[in-house]
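This is what each chain is made of:
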Amino acid sequence: MTAPTLRSYLMQNAYDPDLVFLLEDIATASRAIASLVRTGAFEGNLGSAGQTNVQGETQKTLDIMANDVFERECANSPRLAALVSEEVEEVTWLKEPKIGDYLLYFDPLDGSSNLDVNLSVGSIFSVMQVQADGDRNVLHAGRNQICAGYAVYGPSTMLVITQGDEVAGFSCQPDTGEFCLTHPKMTVPAETSEYAINTSRARYWHDPVKRYVDECVAGKEGPRGRSFNMRWTASMVADIHRILIRGGVFLYPADSNNQKAGGKLRLMYEANPMAMIIESAGGGASTGFGPILEVDPEAPHQRVPVILGSRDEVALLAQYHSDASAT
Ligand code: AHG
Ligand code: MN
Ligand code: MN
């Protein structure tokens, strides 16, 4: 039997028809961005654009091109009211907002420091809804997401989506460009022996994170009684995709160096959508102090501490955080 196409999956799984339009536009954007990434070296597009975004980070040429692709492909969706992009400071309003219209939050190119070394990058997106006619508030907690997903541009291009019930992964057939369901009902195993954290920041870590990582490093001679493995790609999409396939835990925690900024990763278009995907796949998603999906946002580009992955490991990390605050 041939794998269902993205369209047939969305229809069979009761996605709202307007959301189907939007997801097909996002799939088109993903295909176009995958092609830009693949041909970047020929076009001289892998380097810096020589400007910074609202976060003060240097933008790559492809960060800006990927943002333009998202804007171009998605702007015609009939119910899309606004865009919130990592690369654009202000919210882009496309129409007078009506109750139920869609709000699209996206990181057009995630892990862009990996571009010049030819490693996996991706795009991340989240969809929420306008709460009342004329309401221009885009700051809703992640529990209000109606859909979230990411595209990964690796050896194959994949699109992973959820509307909160199950997580489905689609691979892009290189010859036809069609996304077909190759990874139905993706789940994160509850237990794992693999963790992902940027250990060059160890000197900044707070005690609960230090404790967790020390115990993993101690391996089977330590309190965990088993050996752990570590992987860090500096591309959240690639790390989360690995965790969805074979388990693990991903941390970009608050530390003494990023605490003032609130963390490193952005709530609305990195942490929230990945938290929805991981929770829908049976995993856990915490800031260390509470569920990511319950954080009340104060700004579109707000940062947040992130702990995502296998449920038992995320629960243990949350426990270590509450142990530390009780002492
Ligand atoms: P972006 O490329 O969209 O700015 O995101 C980069 C993020 C994320 O993908 C990754 O997990 C993390 O930054 C890497 O941080 P380090 O540079 O500290 O490794
Ligand atoms: Mn990112
Ligand atoms: Mn980005």
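Turning next to the domain arrangement of the chain. Structurally, the chain comprises domain 1 (6-183) and domain 2 (194-326). On a C-alpha basis, the centres of domain 1 and domain 2 stand 23 Å from each other. Counting residues at the interface gives 45 residues for domain 1, matched by 34 residues for domain 2. Between domain 1 and domain 2 the total buried area reaches about 2900 Å² when both faces are included, carbon and sulfur atoms providing 62% of it. Looking at the side of domain 1 facing domain 2, the largest losses of area belong to Leu139, Arg143 and Tyr150, adding up to 23% of the total buried there. Linking domain 1 with domain 2 are five salt bridges. Note that Arg303 and Glu57 form a salt bridge whose closest N and O atoms lie 3.9 Å from each other. Elements that contribute at least two residues to the side of domain 1 that touches domain 2 include exactly β3 (80-85), β5 (102-110), β6 (121-129), β7 (147-153) and β8 (157-162).

Reference geometry at the metal: tetrahedral coordination by four donors gives ideal angles of 109.5 degrees; octahedral coordination by six donors gives 90 or 180 degrees. Distances from the manganese ion (ligand 2) to its protein donors, namely Asp107 (OD), Asp110 (OD) and Glu270 (OE), fall within the range 1.9 to 2.1 Å. Sequence positions of the donors to the manganese ion (ligand 2) reduce to the motif D-x2-D-x159-E. A separation of 3.7 Å is found between the manganese ion (ligand 2) and the manganese ion (ligand 3), both of which receive a donor from Asp107. The buried category is assigned to Asp107, whose relative accessible area is 0%.

Here we come to the site of ligand 1. Surveying the vicinity of ligand 1 reveals 18 residues, the closest of which are Asp110, Gly111, Asn198, Met236 and Tyr252. Interatomic distance of 3.0 Å between a side-chain N/O atom of Asn198 and an oxygen atom of ligand 1. Met236 is positioned such that a nitrogen or oxygen atom in its backbone is 2.8 Å from an oxygen atom of ligand 1. Taking 470 Å² as the accessible area of ligand 1 by itself, protein coverage stands at 85%. Contributions of two or more residues to the shell around ligand 1 are made by β5, β13 (249-252) and β14 (265-266). By residue number, the principal contributor to the shell around ligand 1 is β5, which donates three residues. Class assignment of the residues belonging to the shell around ligand 1 gives a composition of seven nonpolar, four polar and seven charged. For the shell around ligand 1, the two domains that each supply at least three residues are domain 1 (6-183) and domain 2 (194-326).

The rules behind the values
- Residues numbered from 1 in each chain as written.
- Chains lettered and ligands numbered in written order.
- Predicted model: local features only at pLDDT ≥ 70, side-chain atom pairs only at ≥ 80, totals over all residues.
- Heavy atoms only, no water.
- Domains from an automatic or database assignment.
- Contact = heavy atoms within 4.5 Å.
- Buried area = accessible area lost by both parts, 1.4 Å probe.
- Salt bridge = Lys/Arg side-chain N within 4 Å of Asp/Glu carboxyl O.
- Helix = DSSP H or I, 4+ residues; strand = E, 2+ residues; numbered from the N terminus.
- Donors = N, O, S within 2.8 Å, 3.2 Å for Na, K, Ca; no water.
- Buried < 20%, exposed > 50% of the residue type's maximum accessible area, 1.4 Å probe, protein only.
- Near = heavy atom within 4 Å.
- Polar contact = N/O pair within 3.5 Å; in protein donor to acceptor, adjacent residues only side chain to side chain.
- Areas by Shrake-Rupley, 256 points an atom, 1.4 Å probe, with all protein chains shown as cover.
- Nonpolar A, V, L, I, M, F, W, Y, C, P; charged D, E, K, R; others polar.

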